[in-house]
Amino acid sequence: MTQMASSADAKDEGLVFHPMDQFIVEPLFGAGPVHWYTVTNVTLWMALSVVALILIMVVGTSKRALVPSRAQSIGELAYGFVHKMVEDVAGKDAVPYFPYIMTLFMFIVLSNFLGLLPMSFTTTSHIAVTAVMAMVVFLSVTILGFAKNGVGFLSLFWISSAPLALRPALALIEIISYFVRPVSHSIRLAGNMMAGHAVIKVFAAFAGVALISPLSVVAITAMYALETLVSFIQAYVFAILTCVYLKDALHPHH
Amino acid sequence: MSIKTDVSASTCIDGYGSAIGMPQLCTDWASNQIFWLVVTLVAIFFVLSRLALPRISAVISERQGTITNDLAAAENLKSEAAQAEVAYNQALENARSEASRIIETAKAEIKQELDVAIQKADADISLKAAASEDAIADIRKDALTNVKSVAKEITSELVKVLGGKVDSKTLTSVINKKMKG
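About the cut-offs
- Residues numbered from 1 in each chain as written.
- Chains lettered and ligands numbered in written order.
- Predicted model: local features only at pLDDT ≥ 70, side-chain atom pairs only at ≥ 80, totals over all residues.
- Heavy atoms only, no water.
- Helix = DSSP H or I, 4+ residues; strand = E, 2+ residues; numbered from the N terminus.
- Rg over C-alpha atoms; globule rule 2.2 N^0.38 Å.
- Buried < 20%, exposed > 50% of the residue type's maximum accessible area, 1.4 Å probe, protein only.
- Contact = heavy atoms within 4.5 Å.
- Areas by Shrake-Rupley, 256 points an atom, 1.4 Å probe, with all protein chains shown as cover.
- Salt bridge = Lys/Arg side-chain N within 4 Å of Asp/Glu carboxyl O.
- Polar contact = N/O pair within 3.5 Å; in protein donor to acceptor, adjacent residues only side chain to side chain.
- Nonpolar A, V, L, I, M, F, W, Y, C, P; charged D, E, K, R; others polar.
- Patch = residues over 30% accessible without salt bridge, like charges linked within 9 Å, V, L, I, M, F, W, Y side chains within 5 Å.
- Lys, Arg positive; Asp, Glu negative; His and termini not counted.
- Charge placed at Lys NZ, Arg CZ, Asp CG, Glu CD.
- Core = buried A, V, L, I, M, F, W, Y, C linked by side-chain atoms within 4.5 Å.
- Disulfide = S-S within 2.5 Å.
- pLDDT = per-residue confidence, 0-100.
- Axes fitted to C-alpha atoms, helices over the stretch in contact; angles between N-to-C directions.
- Parallel < 35°, antiparallel > 145°, perpendicular 65-115°, else oblique.
- Left-handed = near helix turned anticlockwise from the far one by under 90°.
- Expected span 1.5 Å × (residues − 1).

1. Section: the overall build of chain B
What chain B contains, in helices and strands, is two helices and zero strands. Computed over C-alpha atoms, the radius of gyration of chain B comes to 68 Å, more than 25% over the 16 Å expected from 2.2 N^0.38 for 181 residues, which places it beyond the range of a compact globule. Each principal axis of the C-alpha atoms in chain B carries an extent, and together these give about 200 × 30 × 25 Å. Per-residue burial for chain B yields a buried fraction of 17% across its 181 residues. For chain B, long-range pairs separated by at least 24 residues make up 14% of all intrachain contacts whose partners lie at least 6 apart in sequence. Element-wise, carbon and sulfur atoms account for 62% of the exposed surface of chain B, whose accessible area totals about 13,300 Å².

This is the structure we're talking about:
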């Protein structure tokens, strides 16, 4: 901070806001340009999410106990939660796609929670990450829809329950909303994660001023609680929307 | 936060190591993120689909099976208990009817014996009554003849005292006539 203040920059001495610095992607070892294969903080925190997944879902359930331990309960709870979601929202015939939705849900929820650790990097706060997942969902659901229903998949946009005169207009709206899906799907998650973390960082910067610092700590605590909630809810929303899209692909007729 | 003088050679970081604008919009890093995301998702998918999900689903279905078995066993035991109760009630019913049958026969036997005894007693009584009647008839007959003879004697004595003459035949007929009343 002192070095920053001593610089010729016109930044304020006490309050230095760099709420976006936490989202910087940088090489883990040494310096240099970030190539596609460079081991970066993205790599580290994604790897940690895989480690956490293995701990919860594989190590925790290794005893295969009939009466589950706490760790096994968490694994079973996650399994039951997503499985029920897929079955209830997308239907019984969507169960074969359950591992894919489970993969997305577990990755997002673990990344979100790992991102809540101080000094951590939140991989899901980047649109590059969420957009890839949203595009994968969008493309696979669209391909699946045509593969399962052929041209009949287009009846998704032709609302037979509406008056005939309205149908072309509705079809246009439906098509637009269909193609906007991956945009909203990805920005919702990345935006939520980024906003919460940036707000916490802003409050943290205020802690530098002695007079406001108690309020700042309270505000950080409150935001942290909210972010814990958001972390789970956004993973849930991402997964349930995937289920909804999957349902549209399997049953395009309204 | 130390001064980095353009170490990362990026258009997204300023000379002080701070982000320029939103790092989310920095396209320089996108390929790195996408590459590692794909690696991570593939890794998670394989861990889940090869290890975790089959195991958890097996554990859950095994638990479900155990619960179903236990419930079925409980149902069996319950029906067995119900059968035992039915058998018990049946036995109780049988014992009751047996007991009442025994009581019935005992009553009938007693009644029969009683009837026989009463009949015998009645016969005895009627026999004795007949004997008594005979005795009474004899006594009455005796008494009657005695009365006749006493009356004859007294009458003859009276007649003698009064100075009459006693005709035995007349006396007898008179007395008989009087006694017939």
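There's plenty left to go through after this.
2. Thoughts on the side chain of Ser216(A)
By secondary structure assignment, the location of Ser216(A) is in helix α7 (residues 213-250). The buried category is assigned to Ser216(A), whose relative accessible area is 3%.

3. Side note on the interface of chain B and chain A
Chain B puts 44 residues into the contact, and the matching count from chain A is 56 residues. At the junction of chain B with chain A, the criterion picks out one salt bridge. Glu76(A) serves as the salt-bridge partner of Arg63(B), at 2.8 Å between the closest nitrogen and oxygen. Taken together, the links from chain B to chain A amount to 15 residue pairs in polar contact (both at pLDDT 80 or more). Here the side of chain B that touches chain A is composed, by residue class, of 26 nonpolar, 13 polar and five charged.

4. Some remarks on a negative patch on the surface
Taken together, Glu133(B), Asp134(B), Asp138(B) and Asp142(B) make up a surface patch of like negative charges. Its location among the elements puts Asp134(B) in helix α1 (residues 30-161).

5. Some points on the pattern of salt bridges
Residues and elements named next belong to chain B. Evaluation of the coordinates by the stated rule reveals seven salt bridges over all chains. Between Asp115 and Lys111 there is a salt bridge, with the nearest N and O atoms lying 3.9 Å from each other. Within this pair, Asp115 and its partner Lys111 are both found in helix α1, separated by four residues, close to a single helical turn. Accessibility expressed as a relative area gives 53% for Lys111, which makes it exposed.

6. Observations concerning the nonpolar core
Counting residues in hydrophobic clusters, the biggest one holds 71 residues, and the most contacted among them are Met57(A), Met102(A), Met106(A), Phe107(A), Met133(A) and Leu48(B). Here the element with the most residues in this core is helix α4 (residues 98-115) of chain A; it accounts for eleven residues. When near neighbours in sequence (up to four residues on either side) are disregarded, Met102(A) contacts Met57(A), Ala78(A), Tyr79(A), Val82(A), Leu48(B) and Leu53(B).

7. A closer look at the state of the cysteines
Residue and element names in this part refer to chain B. Taken as a whole and assessed by the stated rule, the structure comprises one disulfide over all chains. Here Cys12 is linked by a disulfide to Cys26, with a sulfur-sulfur distance of 1.7 Å. Its S-S torsion of about 80 degrees marks the bond between Cys12 and Cys26 as right-handed, since a negative value means left-handed. Placement of Cys12 in the segment before α1 and of Cys26 in the segment before α1 is noted, with a sequence separation of 14 residues between them. Assessed through its relative accessible area of 9%, Cys12 is described here as buried.

8. Here's the deal with the confidence of the model for chain A
Residue and element names in this part refer to chain A. Taken residue by residue, chain A gives an average pLDDT of 89. The fraction at 70 or more is 94%. Highest mean pLDDT in chain A belongs to α4 (96); lowest belongs to helix α1 (residues 2-6) (40). Per-residue pLDDT stays below 50 along residues 1-12; that stretch engages in twelve contacts with residues further than four places along the chain or on separate chains.

9. A short note on the packing of α4(A) against helix α5 (residues 127-149) of chain A
Residue and element names in this part refer to chain A. For the pair α4 and α5, interaxial distance at closest approach is 12 Å and the crossing angle is 165 degrees. By the angle between their axes, α4 is roughly antiparallel relative to α5. Like other packed secondary-structure pairs, α4 and α5 cross with a definite hand, here left-handed. Residues Leu104, Phe107 and Ile108 of α4 form the contact with α5, whose participating residues are Val129, Met133 and Val137. Broken down by class, the residue content of the contact of α4 with α5 amounts to six nonpolar, no polar and no charged.

10. Here we look at a nonpolar patch on the surface
A contiguous nonpolar surface patch, about 730 Å² in accessible area, is contributed by Leu28(A), Phe29(A), Val39(A), Leu44(A), Leu48(A), Val51(A), Ile54(A), Leu55(A) and Val59(A). Of note, Ile54(A) is situated in helix α2 (residues 41-59).

11. Topic: helix α3 (residues 70-90) of chain A
With 21 residues, α3(A) should cover 30 Å at 1.5 Å per step; its first-to-last C-alpha distance of 29 Å lies within 8% of that length. Those residues of α3(A) hidden inside the fold are in contact with α2, α4 and α7 of chain A together with α1 of chain B. Downstream of α3(A) by one or two residues, Gly91(A) has phi in the positive range, about 100 degrees.

12. What about the packing of α2(A) against α4(A)?
Between two packed helices, what matters for the description is the angle formed by their axes and the separation of those axes. All names here are of chain A. α4 packs onto α2 with a crossing angle of 115 degrees between their chain directions and a minimal axis gap of 9 Å. For the element pair α2 / α4, the angle class is roughly perpendicular. Viewed along their axes, α2 and α4 form a crossing whose handedness is right-handed. Along its contact with α2, which presents Trp45, Met46, Leu48, Ser49, Ala52, Leu53, Ile56 and Met57, the element α4 presents Met102, Met106, Phe107, Leu110, Ser111 and Leu114. Residue classes in the contact of α2 with α4 are distributed as twelve nonpolar, two polar and no charged.

13. What about the environment of Val58(A)?
Along the polypeptide, Val58(A) turns up in helix α2. Here Val58(A) falls in the buried class, since its relative accessible area comes to 11%. A C-alpha to C-alpha distance of 47 Å links Val58(A) and Ala210(A), two positions 152 residues apart in sequence. Among all residues touching Val58(A), those that are not within four sequence positions of it are Leu53(A), Val47(B), Leu51(B), Ala52(B) and Arg55(B).

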